[in-house]
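Structural overview for review
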Amino acid sequence: MAKKVIKRTVRAKAASGKRNITPTPVSARSVALVGVAAGVSAIERARGGAMKVYTTIAKQAEALRNMTAEAAESLSAKAGMFVNEDRKMQSRAAAAAQTRAAETSKEVQLFANKSRKAFAKNMSKTIDATVENAKEGITRLEHVFETRVARTLNTFGVPSAHNVRELQSRMAELQKALNQLNRRGVRA
C-alpha cells in the first residue's frame, strides 16, 4: 500500500510540473517489501536473460540444422561423405549449444544465490536497526513517564525518592548531633 501511495505522489507531482519531490515516510515493513520485490525482480530479469540466450542459441542451432539439411539434399547425389561430415558438425553445434545453455543456467543460479544472500543480510541489518531504535524509544518513553509521575506526586505533596533520601540523611546527621549532645550532658 505504501508503494502505491509513493507512486501516486510522484505521478501527481510530475503531472503538476513540480520538480521537487518530497519523499513520503516509509515504514520498515514497506522497505522490506520493496527489498523483497527488488530481489525477486532481479532474479526474474536474470532468468529472462538466460532464456533469451538459450532461445537465441536454439534458433541458431535450428537454422544450422536447416542449412545442413538443404546442403545434404543438394550434394547427396555428388558425395555421401559430405552428408556424414554435416551430421558431425550438426551434433557438435548442438552439443556446444547445450553446453553454453548449461553454463548460462549455472551462472544464473549463482547470481540468484548471491542475490538471496545479500538480501537476507540487508534484511537482517534493517531488522536489527529497527529493534535498536524501538528499544531506544521505549527507554526514552519510560524516562518521560517516570519524570511526569514524579512531578504529579510532588504536586500532591508526596515526596519523591530523592526527597526521602535527603530526609533520611538529615535525620542521620541530627541523630549524630543529638548523641553527641547527650554524651556532653552526661559528662558535665
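Because the structure is a prediction, the values reported are computed rather than measured. Residue numbers restart at each chain and count upward from 1, following the sequence in its written direction. Reporting in this predicted model follows two pLDDT cut-offs: at least 70 for local features of residues, and 80 or more for side-chain atom pairs to be given and counted; totals over whole chains, interfaces and linings ignore these cut-offs and use all residues. By convention in this description, side-chain values take in all heavy atoms of the structure and omit both hydrogens and water.

1. What about the overall build of the chain?
Every helix listed is a DSSP run of H or I at least four residues long, and every strand listed is a run of E at least two residues long, numbered separately from the N terminus. Assigned secondary structure in the chain consists of four helices and zero strands. Sequence-ordered secondary structure for the chain, helices as α and strands as β, is α-α-α-α. For every residue, the accessible area (1.4 Å probe, protein chains only) is compared with the maximum for its type, and the residue is labelled buried under 20%, exposed over 50%, or partly exposed between those bounds. In the chain, which comprises 188 residues, the proportion classed as buried is 11%. The long-range share in the chain, meaning contacts at least 24 apart out of those at least 6 apart in sequence, stands at 56%. In the structure as shown, the chain presents an accessible area of about 15700 Å², 60% of it carried by carbon and sulfur atoms. Note on definitions: a residue-residue contact is assigned when non-hydrogen atoms from the two residues lie within 4.5 Å. To measure how exposed things are, a 1.4 Å probe is used in the Shrake-Rupley method; for residues, cover is taken only from the protein chains shown.

2. Notes on the pattern of salt bridges
The working definition used for a salt bridge is a side-chain nitrogen of Lys or Arg within 4 Å of a carboxyl oxygen of Asp or Glu. As enumerated under the stated definition, the model contains three salt bridges in all. Residues Arg65 and Glu62 are paired through a salt bridge, measuring 2.7 Å at the closest nitrogen-oxygen approach. In this pair, Arg65 and Glu62 both sit in helix H2 (residues 28-75), three residues apart, roughly one turn of the helix.

3. Points about a nonpolar patch on the surface
Like charges within 9 Å and nonpolar side chains (Val, Leu, Ile, Met, Phe, Trp, Tyr) within 5 Å are joined into patches, using only residues over 30% in relative accessible area that form no salt bridge. On the surface, Phe145, Val149, Leu153, Phe156 and Val158 cluster together into a nonpolar patch covering about 500 Å² of accessible area. By the element assignment, Val149 lies in helix H3 (residues 80-155). Under the relative-accessibility criterion, Val149 is labelled partly exposed at 34%.

4. With respect to the environment of Gly48
The topology assignment puts Gly48 in helix H2. Between the C-alpha atoms of Gly48 and Val108, which are 60 residues apart in sequence, the distance is 9.8 Å.

5. Observations regarding the side chain of Thr104
Mapped onto the elements of the fold, Thr104 is located in helix H3. On the basis of relative accessibility, which here comes to 8%, the residue Thr104 falls in the buried class. Those residues in contact with Thr104 that sit more than four places away from it in its chain are Ala50 and Val53.

6. Some details on the confidence of the model for the chain
Scored from 0 to 100, pLDDT reflects the predictor's confidence in each residue. Residue-level pLDDT values for the chain average 77, and 74% of them are 70 or greater. Ranking the elements of the chain by mean pLDDT puts helix H1 (residues 2-16) last with 51 and helix H4 (residues 161-187) first with 86.

7. Comments concerning the environment of Gln90
Relative to the elements of secondary structure, Gln90 occurs in helix H3. Taking relative accessible area as the criterion, Gln90 reaches 24% and is therefore assigned partly exposed. Spatially, the C-alpha atom of Gln90 lies 7.2 Å from that of Leu64, the residues being 26 residues apart in sequence.

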